[in-house]
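Structure assessment
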Amino acid sequence: MGALERDTYRDTWVRYLGYANEVGESFRPLVPVPVVWASYGVATAYVTADTIDKGRKAATCHIPPPQAHAQDPAQAMRVAVAMGDTFVWQSLASVAIPGFTINRLCAASLALLGAVTRWPPAVRRWTTTAVGLAAIPLIITPIDRTVDFLMDSTLRKLYKAPGEPPAPH
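Report on the accompanying structure. Predicted model only: the values in this text are computed from it and were never measured.

Reading the values: the criteria
Residues numbered from 1 in each chain as written. Predicted model: local features only at pLDDT ≥ 70, side-chain atom pairs only at ≥ 80, totals over all residues. Heavy atoms only, no water. Helix = DSSP H or I, 4+ residues; strand = E, 2+ residues; numbered from the N terminus. Polar contact = N/O pair within 3.5 Å; in protein donor to acceptor, adjacent residues only side chain to side chain. Core = buried A, V, L, I, M, F, W, Y, C linked by side-chain atoms within 4.5 Å. Buried < 20%, exposed > 50% of the residue type's maximum accessible area, 1.4 Å probe, protein only. Contact = heavy atoms within 4.5 Å. Axes fitted to C-alpha atoms, helices over the stretch in contact; angles between N-to-C directions. Parallel < 35°, antiparallel > 145°, perpendicular 65-115°, else oblique. Left-handed = near helix turned anticlockwise from the far one by under 90°. Nonpolar A, V, L, I, M, F, W, Y, C, P; charged D, E, K, R; others polar.

Another point: the side chain of R156. Along the chain, the position of R156 falls in helix α5 (residues 155-158). At a separation of 2.7 Å, a polar atom in the side chain of R156 contacts the side chain of D85.

A few words now on the nonpolar core. Core analysis: the largest hydrophobic core is formed by 12 residues, namely V81, W89, A93, I102, C106, A135, I136, I139, I143, V147, M151 and Y159. Residue contributions to this core peak at six residues, all from helix α4 (residues 121-153). In contact with M151, other than residues within four places in its own chain, are D85, V88, W89, R156, K157 and Y159. Formed by eight residues, the second largest nonpolar core is a distinct cluster that contains V36, Y40, Y46 and V95.

Let us look at the packing of helix α2 (residues 33-60) against helix α3 (residues 73-116). At a minimum axis separation of 8 Å, α2 and α3 run at an interaxial angle of 160°. Accordingly, the angle class assigned to the pair α2 and α3 is roughly antiparallel. For the pair α2 and α3, the sense of crossing is right-handed. Between α2 and α3, the residues in contact are Y40, A43, Y46, V47, D50, T51, I52, K54, G55, A58 and A59 and Q75, R78, V79, A82, M83, T86, F87, Q90, S91, S94, V95 and G99, respectively. Each residue belonging to the contact of α2 with α3 can be placed in one class, and the counts come to 12 nonpolar, eight polar and three charged.

Right under this line is the structure:
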């Protein structure tokens with residue numbers, strides 16, 4: 001991928017589809033549970049699409065034209081590493097950890113508001129949703145950096161260079 005080439009899944013508005021489940025978790029006090037699960041479906045579709053995109057890019061880079069259709073174990077490894085790295089990173093950084101974080105933050109917020117205020121239930125639910133939505137931009141960078149560190153310290157050590165994929169964001 002060239003230095004000036006934009007990554008559709010990371011450098012455009014499409015990136016926000018990865019945060020759909022955090023929005024769903026924020027709205028959990030107000031919407032039916034199937035709506036929350038649908039938001040996870042959107043985020044999972046984003047992760048899958050980015051994984052496929054990174055696999056395609058890895059499959060088409062560094063291939064001399066005569067070998068474009070040949071079975072190349074090094075190319076297969078590049079594709080597998082790119083897809084595996086992207087899938088694990090996106091699953092953790094875009095779906096699992098932020099979803100859990102917003103879920104627990106909203107649950108704690110709703111419980112705390114119920115214990116310390118006399119606000120009507122509807123006001124407590126809307127306040128909890130606002131807290132969850134406000135937290136999303138605050139948690140993104142720390143979670144991304146933590147997942148980078150965890151993967152650099154574990155999984156990425158298994159496939160260090162030359163098959164090492166580009167930075168995930």
